[in-house]
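Spelled out, the chains give:
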Amino acid sequence: MALFRCEEMALYQLFLQSEAAYNCVGEMGEIGLVQFRDMNPDVNAFQRKFVNEVRRCEEMERKLRFIEKEVKKEAHINIPNNVPDLKQVPAAREMNELDNQLEKLENELRELLSNQEQLQKNFLELTELKQVLLRTSIFFQEADSTRFAAAARDDREHEEGEALLDVEGGASGGVAGGGTNKLGVVAGVIKRELLGAFERVLWRVCRGNVFLKHADIEEPLTDPTTGDSLLKCVFIVFFQGEQLGNRVKKICEGFRATLYPCPEQTAERREMLKGVEARIADLQVVLDQTLSHRTRVLESAAANLPLWFVKVRKIKSIYHTLNLFQVSQKYLQVQCWIPITDIPKIQAALDKGTSDAGSSVPSVLSQVPTKEQPPTFNRTNKFTEGFQTIIDAYGVSSYREMNPMPFTVITFPFLFAVMFGDCGHGLIMALFAGLLIWKEKDIIAAKSKNEIFMMFFGGRYLIFLMGVFSIYTGILYNDLFSKSMNIFGSQWAIPQDVAKTLAGYSDNTDTVELDPKDSFKDKAPYPFGLDPIWQVADNKLDFLNSFKMKLSVILGVMHMLFGVVLSLLNHTYFRKPLNVIAEFIPQVLFLGGLFGYLVFMIIYKWFAFDYTNSASAPQLLITFTDMFMLSAPDDELYSGQYTVQVIILLVGVACVPWMLFVKPTVLYMRHRNPAATQRKTRDLSTGLTFKNLNNLAGDDGEGTEGLISNDELDRENGIGGDDHVISPDTHGAHSSNGNAPGAGGHGGGHGDDDEEFDFGQIMILQAIHTIEFCLGCISHTASYLRLWALSLAHAELSEVLWSMVMSIGLSYDSVFPGILILPPIFAAWAVLTLAILLLMEGLSAFLHALRLHWVEFQSKFYHGEGHLFTPFSFKHIVENPLED
Amino acid sequence: MAVPVFCSPFTSFFCAFIGLWGLIMCPIMGAFYYSHAITFVEDVPYDVEPSDFSKDDLESTYEKVAINLFISTGVYFVCFMLCLCQFINRKTSLIP
């Protein structure tokens, strides 16, 4: 019965030998069925035993991230996306191996990186030098010609005709000596955007006594550290005098221009240029080789990267879990929640872990008696997971109460479809979900991070069912993109005499009223669904509204009655007959009597009246109100109606004090005389009584040992008077049986034996409960009318979209303008259908159907006060790496 | 195919989807128009006085609109093929 209720859980104590602990916890992670409790809640994270190992794992993760970043820089290397999970626990020594491997890899990469940077810096310098050499030759030639011209001019003044620049093997290029007329030269490279400012500063500082020439370098150069490409230009400064030279050099430093020694003689320059070019070629070769080596290293790392990530995460999570254990010298112990049916699996995993570690001492699982409410574990598969999620979103079911999920699988898509009811839209929805289901393996492997898409993908089975059910209700409402399908032939026909007079109709009567007496063929309705004639009828809504409203009320009352019946199943399971008598029966009488009678009247009226006597059919709303006012009906639906209504009303009214007073009174009397009422009940906290547990012990024959003997337990419990406590699993099954009535006798009653019996509290709670139920019946029944409202809205929107958009495209009877207008109009209609009718209306109907389930249905039986079972599972950890 | 790629994978998929929808729905609607389905009687551009009403004229109008729909099927076929080529050429995953 695990489908209707959550799994039975029990609290177990796990003893592991220190050597085997790592492997056993790893195996637990693989099977993912154990939820560990923190045995050291007050201990700081840094004081726990395995904090060093966790630190090491985090270091390894950091290295892995660094390697990943380096790999991602090289765009052409692919990191494989889907890594098959080997389902193996990484061995403890693997951590050391992996650590060493990662360290080596990281160091190698860092070295490669720094080498590469250095090489690139050298390369840049050489390139800039080459550019300087190339450009400055022009400057020197110009300077030469000006020197000749100046010399010719100044020959009269300067007899010696001393060269401004010593070209023919004179003093080496550089700063001219003080006092001579030789010009000093400084050549270098500066960023283009700084050039203007540089020039201005030079002019101001040197008072215009320097001469700057510059030329742009066309190709952009790459900066070694940042990798950006920069535009630079070559400049050369001519100055006279040492002082100016120093100033110029300081300004160059300030503007971060790199200076290069530039020989003034052409021959020297040519030599230098040749040398520089040769060195550039060599450096290029070295750079290429370095890059290719780096690529090779990264490629080999990239192949293993996902596997390493997974391993490191697993190891880290194992140590995190080990930190939860209580550590002593020889063994580690922890408390954990385990589903009872999985105990053999867990035991086998523990044995495997122990044998893997090479230890001889087996691990010990023993049960711990507890009064805590166990976590709720609902086993789901890929189909039921979507439905369970939407139920859990409102509240996780309490331990062992009825799980609404199996019923929701059908009722939710059905209520959605009642509100959505259109064949065409349902078909598109079903096809979309069908595509998601068909490609689900690929989509899971792609590990998309887009939240909205993953939300749709998670609900693919839900959406598929919603679509299929919508096709069904679409056929019932006879609505296909707001047009009706005439499959069987309409049962309405214009009678002959009316047809003859149609030709004589003038313009202002363009409606014909068809009397069903003459126009309704064969007195038999359309075989399935709504007659297609209604689509062209003006009074379609008059008919359809009444029909859909009544249908909504019928569905609503049925849904709510079903909820109340589920509460009966809960009361029976938890062995609370008082609730059955004091709550369930009056609830059924109230809801079924009053609103069930309304449903009866609706259905009766549908059958009892047809077009012949419809004029005399009483209005149900008035009838219902008259019933409450105890006034005799003017028109009777059936004979004896007044008497029946009075009886139902009296019974319904009597249910209110029944619901209000019976339960608190009985509880009060029980509190006064505890001995008189012995009962074995099941508390919500632990769903097992002695009887059940012993059955389990007998069946499994597990090799678990009891911690506390039966006698001790009895002594503990005898005074407290609880029969909620489970006795530990012992082989002496029969002895526990003997103790059961003894312990049970002390207890009796619901969970309020332990605390003080507060009658006022109970009375108030009961009053709230009663008022909530009775008023809720009325308001919830009315709330179900949203089924009508939304389906009306959907149909109207669909019709408006067709008549405002699509109709325009179809209103051309000639090919020429028609064919230009029809395709774009159709596309517009299709896009609007998708956006408004499918997405917006679909979301809206989803939300309202969900609300009907959460509030109207579940308030009749659901407590929803449980907490989820969160086992230690590698699958979960590997898939969600950021939650740590 | 050597068709230049000019839209994102999502746009091409979406347009291919609309093209497919038109490709399927337009001929069906055309067929229904051709068989004078009463369901479309309000969308047919036949607006005359009741006295001038002629059933044959109505039916021929029906058929003209049906022809329009069949031609637009061709248009959608072209659109669908174009977008499908775009999508296949992209060779990237549709999953966002």
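No experiment lies behind these values; they were computed from the predicted model shown.

K.L.:
Account for the overall build of chain A, with residues named and values stated.
P.N.:
Looking only at helices and strands, one finds 26 helices and 11 strands in chain A. The proportion of buried residues among the 884 residues of chain A is 46%. Of the contacts formed within chain A by residues at least 6 apart in sequence, a portion of 83% connects residues at least 24 apart. Counting every atom, chain A has about 45,100 Å² of accessible surface; 59% of that belongs to carbon and sulfur.

K.L.:
Can you break down the overall build of chain B residue by residue, with the values?
P.N.:
When helices and strands are counted, chain B shows two helices and zero strands. The buried share of chain B, taken over its 96 residues, is 34%. For chain B, restricting intrachain contacts to residue pairs at least 6 apart in sequence, the fraction spanning at least 24 positions comes to 74%. Working note: accessible area of chain B is about 5,500 Å², and carbon and sulfur atoms make up 71% of it.

K.L.:
Give me the lowdown on the sheet that holds strand 4 (residues 211-216) of chain A, citing residues and values where you can.
P.N.:
All names here are of chain A. One open sheet accounts for four strands, arranged 4-7-3-8; its pairing is antiparallel. Of all the strands in the sheet, the pair left with one neighbour each is strand 4 and strand 8 (258-260). For this sheet the average axis-to-axis angle between neighbouring strands, irrespective of direction, equals 25°. With six bridges connecting them, strand 4 and strand 7 (residues 232-239) associate as antiparallel partners. For Leu212, the partnering residue across the bridge sits in strand 7 and is Val237. The strands touched by helix 4 (residues 192-205) within the sheet are strand 3 (184-191), strand 4 and strand 7, with strand 3 carrying the most contacts at an inclination of about 145°. Packed onto the sheet, helix 5 (residues 242-254) meets strand 3, strand 7 and strand 8 and runs at close to 165° relative to strand 7.

K.L.:
Outline helix 9 (residues 405-420) of chain A, supporting the account with residue identities and numerical values.
P.N.:
Residues and elements named next belong to chain A. Here helix 9 is 16 residues long and its end C-alpha atoms lie 22 Å apart, about the 22 Å a rise of 1.5 Å per residue gives. The sharpest bend along helix 9 reaches about 25° and sits at Thr411, with the proline Pro413 one to four residues further on. The element helix 9 is extensively covered by neighbouring structure, given that 14 of its 16 residues are classed as buried.

K.L.:
Now, about the side chain of Arg460 of chain A: what can you tell me, with residues and values included?
P.N.:
Residue placement: Arg460 of chain A occurs in helix 13 (residues 460-477). Non-local contacts of Arg460 of chain A, meaning those with residues more than four positions away in its chain, are made with Lys382, Ala433, Leu436, Ile437 and Glu440 of chain A.

K.L.:
Kindly report on the side chain of Lys63 of chain A, identifying the contributing residues and their values.
P.N.:
Mapping Lys63 of chain A onto the fold places it in helix 2 (residues 51-73). Contact partners of Lys63 of chain A, with chain neighbours within four places excluded, come to Asp99, Leu102, Glu103 and Glu106 of chain A.

K.L.:
Outline the interface of chain B and chain A, listing residues and values.
P.N.:
Interface size, as often reported, equals the accessible area lost upon joining of the parts. Residue-level contacts link 31 residues of chain B with 34 residues of chain A. Our count for the contact surface shared by chain B and chain A stands at one salt bridge. Across the salt bridge formed by Asp43 of chain B and Lys483 of chain A, the nearest N and O atoms sit 3.1 Å from each other. Summed over the shared surface of chain B and chain A, the result is eight residue pairs in polar contact (both at pLDDT 80 or more). Among the secondary structure elements, those contributing two or more residues to the side of chain B that touches chain A are helix 1 (9-34) and helix 2 (55-90) of chain B. With 10 residues, helix 2 of chain B is the largest single contributor of residues to the side of chain B that touches chain A.

K.L.:
Residues and numbers for the packing of aromatic side chains, please.
P.N.:
What characterises a pair of aromatic rings is the spacing of the ring centres plus the angle enclosed by the ring planes. As enumerated under the stated definition, the model contains 47 aromatic pairs over all chains in all. Ring pairs connect the aromatic residues Phe481, Trp802, Phe826 and Trp829 of chain A together with Phe17, Trp21, Tyr33, Phe40, Tyr62 and Tyr76 of chain B, which therefore count as one cluster. A cation over a ring is seen here: Arg5 of chain A above Tyr573 of chain A, with NZ or CZ 4.1 Å from the ring centre. Its end group placed over the ring of Phe457 of chain A, Arg460 of chain A keeps NZ or CZ at 4.2 Å from the ring centre.

K.L.:
With reference to specific residues and values, describe the confidence of the model for chain A.
P.N.:
Mean pLDDT over chain A works out to 82, with 84% of the residues at or above the 70 mark. Throughout residues 684-752 of chain A the model reports pLDDT below 50, and contacts reaching past four residues in sequence, or to other chains, amount to 104 contacts.

K.L.:
How would you summarise the environment of Gln116 of chain A if you had to cite specific residues and measurements?
P.N.:
Residues and elements named next belong to chain A. With respect to the helices and strands, the residue Gln116 is situated in helix 3 (residues 92-154). Expressed as a C-alpha distance, the spacing of Gln116 and Tyr260, which sit 144 residues apart in the sequence, is 23 Å. Once you skip the residues sitting within four places of it in the chain, Gln116 turns out to touch Leu287, Leu291 and Arg294.

K.L.:
Could you give an account of a nonpolar patch on the surface, with specific residues and numbers?
P.N.:
Taken together, the side chains of Tyr472, Ile475, Leu476, Ile487, Phe488 and Phe528 of chain A make up a nonpolar region of the molecular surface, amounting to roughly 540 Å² of accessible area. As for its placement among the helices and strands, Ile475 of chain A is situated in helix 13.

K.L.:
Tell me about the pattern of salt bridges, and name the residues and values.
P.N.:
All names here are of chain A. Evaluated as defined, the whole model comprises 27 salt bridges over all chains. The partner of Glu8 in a salt bridge is Arg400, with the nearest N and O atoms 3.3 Å apart. Taken as a pair, Glu8 in the segment before strand 1 (9-17) and Arg400 in the loop between helix 8 (384-394) and helix 9 lie far apart in primary sequence, 392 residues in all. A residue is classified by how much of its surface remains accessible, and Arg400, at 9% relative accessible area, is buried. Between Glu59 and Arg62 there is a salt bridge, with its nearest N and O atoms 3.1 Å apart. Of this pair, Glu59 and Arg62 both sit in helix 2, three residues apart, which is roughly one turn of that helix. Relative accessible area serves as the criterion here: at 31%, Arg62 is assigned to the partly exposed category. A cluster of three or more residues bridged by salt bridges with shared partners is formed by Arg56, Lys63, Asp99 and Glu103.

K.L.:
How would you sum up the confidence of the model for chain B? Please name residues and give values.
P.N.:
Taken residue by residue, chain B gives an average pLDDT of 83. The fraction at 70 or more is 86%. Scored as a whole, the predicted complex attains pTM 0.79, and scored at its interfaces, ipTM 0.92.

K.L.:
Help me get a handle on the nonpolar core, residues and values and all.
P.N.:
Counting residues in each nonpolar core, the largest one holds 95 residues, and the members touching the most others are Leu810 and Trp829 of chain A together with Trp21, Met29 and Tyr33 of chain B. Per-element accounting of this core gives the leading share, 13 residues, to helix 25 (residues 815-857) of chain A. In this structure, Ala10, Leu14, Met39 and Phe309 of chain A belong to the second largest nonpolar core, which totals 63 residues.

K.L.:
Requested: an account of the environment of Ile554 of chain A, with residues and values cited.
P.N.:
All names here are of chain A. Counting through the fold element by element, Ile554 comes out in helix 16 (residues 540-573). Note on Ile554: relative accessible area 10%, which makes it buried. Residues contacting Ile554, with those up to four places away along its chain left out, are Val599, Ile602, Ile603 and Trp606.

About the cut-offs
- Residues numbered from 1 in each chain as written.
- Chains lettered and ligands numbered in written order.
- Predicted model: local features only at pLDDT ≥ 70, side-chain atom pairs only at ≥ 80, totals over all residues.
- Heavy atoms only, no water.
- Helix = DSSP H or I, 4+ residues; strand = E, 2+ residues; numbered from the N terminus.
- Buried < 20%, exposed > 50% of the residue type's maximum accessible area, 1.4 Å probe, protein only.
- Contact = heavy atoms within 4.5 Å.
- Areas by Shrake-Rupley, 256 points an atom, 1.4 Å probe, with all protein chains shown as cover.
- Pairing = 2+ DSSP bridges.
- Axes fitted to C-alpha atoms, helices over the stretch in contact; angles between N-to-C directions.
- Expected span 1.5 Å × (residues − 1).
- Bend = angle between axes of the 7 residues up to and from the residue.
- Salt bridge = Lys/Arg side-chain N within 4 Å of Asp/Glu carboxyl O.
- Polar contact = N/O pair within 3.5 Å; in protein donor to acceptor, adjacent residues only side chain to side chain.
- Phe/Tyr/Trp six-rings, centres within 6.5 Å; stacked < 30°, edge-to-face > 60°.
- Lys NZ or Arg CZ within 6 Å of the ring centre and 35° of its normal.
- pLDDT = per-residue confidence, 0-100.
- Patch = residues over 30% accessible without salt bridge, like charges linked within 9 Å, V, L, I, M, F, W, Y side chains within 5 Å.
- Core = buried A, V, L, I, M, F, W, Y, C linked by side-chain atoms within 4.5 Å.

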